[in-house]
Amino acid sequence: MINRALIDVFSEIAREKNVERSELGSIIEQLFLHLIERDRGDSSNCSVIVNLDKGELEIYAERQIVDDLMDPVLEITLQDAAKLAPGENFEVGDVFVEVIDPAIFGRRLVTSAKQFFNQRLNDVEKRYIYEDYSQRIGEIIIGTVRQIQRDFLYVNIDQAELLMPRQEQILSERHRRGDTLRAVVKSVEVTPRGPEIIVSRTDNHFLYKLFEMEVPEIEDGIIEIEGIARQPGERAKIIVKSNDRRIDPVGACVGMRGSRVQAVSSELGNERIDIIIYDDNPAQLVINALSPAKVESIVMDEESRSMDIAVNEDNLALAIGSRGQNIRLASKLVGWDL
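Residues numbered from 1 in each chain as written. Predicted model: local features only at pLDDT ≥ 70, side-chain atom pairs only at ≥ 80, totals over all residues. Heavy atoms only, no water.

Caption draft 1: Seen up close, the confidence of the model for the chain. Taken as a whole, the chain shows an average pLDDT of 88; of its residues, 95% reach a score of 70 or greater. Looking over the chain, one finds the lowest element-wise mean pLDDT in helix H1 (residues 2-16), namely 69, and the highest in helix H5 (residues 204-214), namely 96. (pLDDT = per-residue confidence, 0-100. Helix = DSSP H or I, 4+ residues; strand = E, 2+ residues; numbered from the N terminus.)

Listed below in structure tokens is the structure:
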């Protein structure tokens, strides 16, 4: 009865934790080997067989039959073996298989079992979370804000806790506990405390994935985003290219009455987004990137990858942008010093 009762209890806990049956059997085996080692000091000669379907648990210990007993855990005398298994013909050097009743552990079994089992379940759960999220790097997740600290924002999704460091947050945004939040999975690492899952709202890939969600042509590969530069929460520039001459990449990304780009902008705290058409000519690409400012002339220095740009006085403030934001983002976008 104790075997069936224990397995039923463990099975119920495992179901609550979404632990697979194969993992459950392994954990129960480890549990009893742990108890035996605590009780006898050594479990190397023991084996545990668990049958979850039948609710059966069997524990065996192999002991060498000897004349002179040196190690009572690993050895047994011929006389004692004969007493425990009358009718069997043993000889010195044979292996005696002892059946261990789980009931011998008494109350310790209940206390130790709960502690050990919960610890192993936590380990399994952490491994599941790591394996799941390590496959989801680059994906957008939707979670709930659980805790807000000075340098970190903690986001919960089911049993997983995700971290958003301050540098991955849009600083103009204010979050409250219980808020629903979107972010992109940036990295997953193993730490002594478990998996550390970093999510971001400032990463360029987050902007890319948002456009992919809103613009079917991007998901289908008809339109490609060739480059992204952002000042998160304030302004962004993206370069788009169409693989189908019949489709205008800028118009597709903007959407009817600006619906697509506005949906992305709203998700990013009304970040202003400039959509720029790709051009093989670096100078023309810079002209596109600085639009709506009109460029009068460009002098290129390919060796230093820099361009000197001339605009008339009326367009100067527009080309530079607030606090130099426009020219800085354009430079970052095209990869030239402007």
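Caption draft 2: Broad picture of the packing of H5 against helix H8 (residues 259-267). Closest axis-to-axis distance for the H5/H8 pair is 9 Å, and the angle between their directions is 140 degrees. With respect to H8, the element H5 is oriented oblique. Like other packed secondary-structure pairs, H5 and H8 cross with a definite hand, here right-handed. Along the contact surface, H5 presents Phe206, Leu207, Leu210, Phe211 and Glu214, while H8 presents Arg260, Val261, Ala263, Val264 and Glu267. (Axes fitted to C-alpha atoms, helices over the stretch in contact; angles between N-to-C directions. Parallel < 35°, antiparallel > 145°, perpendicular 65-115°, else oblique. Left-handed = near helix turned anticlockwise from the far one by under 90°. Contact = heavy atoms within 4.5 Å.)

Caption draft 3: Molecular detail of the sheet that holds strand E10 (residues 223-231). Spatially, the 3 strands line up as an open sheet ordered E10-E11-E12, and their pairing is mixed. The strands lining the two open edges of the sheet, one partner per strand, are E10 and strand E12 (272-277). With strand direction ignored, the average angle separating the axes of adjacent strands in the sheet is 20 degrees. Where strand E11 (residues 235-242) and E12 come together, 6 bridges link them in parallel fashion. By the bridge assignment for E12, lysine 237 is matched with aspartate 274. The strands touched by helix H9 (residues 282-290) are E11 and E12; relative to E12, the strand with the most contacts, the crossing angle is about 150 degrees. (Pairing = 2+ DSSP bridges.)

Caption draft 4: Quick look at a negative patch on the surface. A cluster of acidic side chains, namely Asp301, Glu302, Glu303, Asp308 and Asp337, defines a negative patch on the protein surface. By the secondary structure assignment, aspartate 301 is in strand E13 (residues 297-301). Aspartate 301 gets classed as partly exposed once you look at its relative accessible area, which sits at 36%. (Patch = residues over 30% accessible without salt bridge, like charges linked within 9 Å, V, L, I, M, F, W, Y side chains within 5 Å. Areas by Shrake-Rupley, 256 points an atom, 1.4 Å probe, with all protein chains shown as cover. Salt bridge = Lys/Arg side-chain N within 4 Å of Asp/Glu carboxyl O. Lys, Arg positive; Asp, Glu negative; His and termini not counted. Charge placed at Lys NZ, Arg CZ, Asp CG, Glu CD. Buried < 20%, exposed > 50% of the residue type's maximum accessible area, 1.4 Å probe, protein only.)

Caption draft 5: Quick look at the pattern of salt bridges. Enumeration according to the criterion identifies 19 salt bridges in this entry. Here glutamate 131 ties to arginine 127 by a salt bridge, and the two come within 3.5 Å at their closest N and O atoms. With glutamate 131 and arginine 127 both in helix H4 (residues 106-134) and 4 residues apart, this pair spans about one turn of that helix. Assessed through its relative accessible area of 41%, glutamate 131 is described here as partly exposed. Taken together, the shared-partner salt bridges connect Glu173, Arg182, Arg201 and Glu267 into one network.

Caption draft 6: Main features of the side chain of arginine 230. Within the fold, arginine 230 resides in strand E10. A polar contact of 3.0 Å, which involves the side chain of arginine 230, links it to the backbone oxygen of aspartate 203. Within polar-contact distance, the side chain of arginine 230 engages the side chain of glutamate 271 at 2.8 Å. Not counting chain neighbours up to four residues away, the residues in contact with arginine 230 comprise Ile170, Arg201, Thr202, Asp203, Asn204, Leu207, Arg235, Ala236, Leu268, Glu271, Leu329 and Lys332. (Polar contact = N/O pair within 3.5 Å; in protein donor to acceptor, adjacent residues only side chain to side chain.)

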